[in-house]
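Descriptive analysis of the structure
Each chain is listed here by its residues.
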Amino acid sequence: MNQLSAAQELRAAWLAQARANPAITAGLLIALVVVLGLIASSVLQAMNHDAGGNIRYALMGGGAGFVTTTLGALLVIVLGNISSKSQDTMLGFAAGMMLAASAFSLILPGIAAGTEILNDAKLGALTVVVGLGLGVLLMLGLDYFTPHEHESTGPCGPDCARLGKVWLFVFTIALHNLPEGMAVGVGFSEGDLGVGLPLAVAIAIQDIPEGLAVALALRAVGLPTWQAVLIAGISGLMEPVGALVGIGISSGFALAYPVSLGLAAGAMIFVVSHEVIPETHRHGNQTPATLGLMAGFALMMFLDTALG
């Protein structure tokens, strides 16, 4: 009875959240309908022999993110407590890699693919812009309807008071890792290692400081070190899950590929601006965090050139 009552209260909170901001609700519904439609179209080609290798590549890329997230979480045992300055610098580095990956491994290949499909550069760019908008709508809606917590602004989402601080962090981690996995899946959806490989490598590298930061944050709210490491590592499982979603939404028909590249880029850029950068600035470490961001951006540019 108590579980039923809690579920009813959470449902009521979601409905109240939807009524409070119908525009965000409508945007989320539109994005979900498009994503589900793209996934449904890909089911028609799921048994295609040529797609099997791409799915394996996507799962390997997403799995690499899970492994490096866990590795970063394990570093908390070795390093113990690290300064907020070092933590913010590492998160800035991760943000820079995500921004560069969005630009060079998602947006530019998306424009090129859209231009080739439509035989028009303007329409190709517009296709990616549509995807960017869908990615923003998706993440904005998930941010609005998923209970989670920002260190700088506190709890967000419906019925946050009912959820413990630890689980709010877990929801935050899930929101953060999902678009990264989606980006990897989209990158491998056409079997082009020149697009997928640098993106997967970049995200795997930046998941190391992210895993460490998450484990430190979980430990800061009172979890024992081993539990913080375990939860931070498990959070990395969202990356292979996201990779499957990413390859699903981009494999149904030709135009879905550039749209999905834009969607993944929009989701990642939203997360960087909405989640990562504010967290790196809240301790007054703007300068080292910005330098870390520039270093991460430069490294991802190099990886994209060297591996692409």
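Residues numbered from 1 in each chain as written. Predicted model: local features only at pLDDT ≥ 70, side-chain atom pairs only at ≥ 80, totals over all residues. Heavy atoms only, no water.

Overview of the overall build of the chain
When helices and strands are counted, the chain shows 11 helices and two strands. In the chain, which comprises 308 residues, the proportion classed as buried is 49%. Within the chain, contacts between residues separated by at least 24 positions form 82% of all contacts whose residues are at least 6 apart in sequence. (Helix = DSSP H or I, 4+ residues; strand = E, 2+ residues; numbered from the N terminus. Buried < 20%, exposed > 50% of the residue type's maximum accessible area, 1.4 Å probe, protein only. Contact = heavy atoms within 4.5 Å.)

Let's talk about a nonpolar patch on the surface
Taken together, the side chains of Ile 117, Leu 118, Leu 123, Leu 126, Val 129 and Val 130 present a nonpolar region at the surface, about 480 Å² in accessible area. Among the elements of the structure, helix 4 (84-118) and helix 5 (121-145) are those that each provide at least two residues to the nonpolar patch. The leading source of residues in the nonpolar patch is helix 5, at four residues. You can call Leu 126 partly exposed: its relative accessible area is 46%. (Patch = residues over 30% accessible without salt bridge, like charges linked within 9 Å, V, L, I, M, F, W, Y side chains within 5 Å. Areas by Shrake-Rupley, 256 points an atom, 1.4 Å probe, with all protein chains shown as cover. Salt bridge = Lys/Arg side-chain N within 4 Å of Asp/Glu carboxyl O.)

With respect to the confidence of the model for the chain
Of all residues in the chain, 78% have pLDDT values of 70 or greater, and the mean over the chain is 77. When pLDDT is averaged over each helix and strand of the chain, the minimum, 55, is found for strand 1 (residues 148-150) and the maximum, 87, for helix 5. With pLDDT under 50 throughout, residues 161-165 is counted as low confidence; its partners more than four residues away or in other chains account for seven contacts. (pLDDT = per-residue confidence, 0-100.)

Digging into the nonpolar core
Leu 106, Ala 183, Leu 199, Ile 203, Tyr 257, Met 268 and Met 300 are the most contacted members of the largest nonpolar core, which has 37 residues in total. Sorting the residues of this core by element identifies helix 4, helix 5, helix 6 (165-188), helix 7 (193-220), helix 9 (238-249), helix 10 (256-281) and helix 11 (286-307) as the ones contributing at least two each. Broken down by element, this core gets its largest block of residues, 10 residues, from helix 10. When sequence neighbours within four positions are dropped, the list of residues in contact with Leu 199 reads Ala 101, Ser 105, Leu 106, Ala 183, Val 184, Gly 187 and Met 300. Counting residues in each nonpolar core, the second largest holds 13 residues, with Ile 24, Leu 134, Met 182 and Val 259 among its members. (Core = buried A, V, L, I, M, F, W, Y, C linked by side-chain atoms within 4.5 Å.)

Focus: the side chain of Asp 88
By secondary structure assignment, the location of Asp 88 is in helix 4. There is a polar contact of 2.9 Å between the side chain of Asp 88 and the side chain of Asn 285. Once you skip the residues sitting within four places of it in the chain, Asp 88 turns out to touch Glu 279, Thr 280, His 283, Asn 285 and Ala 289. (Polar contact = N/O pair within 3.5 Å; in protein donor to acceptor, adjacent residues only side chain to side chain.)

Focus: the packing of helix 4 against helix 10
Running from amino to carboxyl end, helix 4 crosses helix 10 at an angle of 160 degrees, the nearest separation of the two axes being 8 Å. Between helix 4 and helix 10, the angle falls in the class roughly antiparallel. As for the relative orientation of helix 4 and helix 10, their crossing is left-handed in sense. Looking at the contact of helix 4 with helix 10 residue by residue, the classes come out as 20 nonpolar, six polar and two charged. (Axes fitted to C-alpha atoms, helices over the stretch in contact; angles between N-to-C directions. Parallel < 35°, antiparallel > 145°, perpendicular 65-115°, else oblique. Left-handed = near helix turned anticlockwise from the far one by under 90°. Nonpolar A, V, L, I, M, F, W, Y, C, P; charged D, E, K, R; others polar.)

Describing helix 5
Its 25 residues give helix 5 an end-to-end C-alpha distance of 36 Å, which sits within 8% of 36 Å, the value for a rise of 1.5 Å per residue. Those residues of helix 5 that fall on the buried side of the exposure criterion are Gly 124, Thr 127, Val 128, Gly 131, Leu 134, Gly 135, Leu 138, Met 139, Gly 141, Asp 143, Tyr 144 and Phe 145. The distance from a side-chain oxygen at the start of helix 5 to the backbone nitrogen of Lys 122 is 2.9 Å, and the residue carrying that oxygen is Asp 120. (Expected span 1.5 Å × (residues − 1).)

Remarks on the side chain of Thr 68
Relative to the assigned elements, Thr 68 resides in helix 3 (residues 51-79). Within polar-contact distance, the side chain of Thr 68 engages the backbone oxygen of Gly 65 at 3.2 Å. Excluding residues within four positions of it along the chain, Thr 68 makes contact with Ala 204, Asp 207 and Ile 208.

Here we look at the packing of helix 5 against helix 10
Contact geometry for helix 5 and helix 10: axes closest at 6 Å, N-to-C directions at 45 degrees. With respect to helix 10, the element helix 5 is oriented oblique. Of the two elements, helix 5 crosses helix 10, and the hand of that crossing is right-handed. Across the interface between the two elements, Thr 127, Val 128, Gly 131, Leu 132, Leu 134, Gly 135, Val 136, Leu 138, Met 139, Leu 140 and Asp 143 from helix 5 touch Pro 258, Val 259, Gly 262, Leu 263, Ala 265, Gly 266, Ala 267, Phe 270, Val 271, His 274 and Glu 275 from helix 10. In terms of residue class, the contact of helix 5 with helix 10 is built from 14 nonpolar, six polar and two charged.

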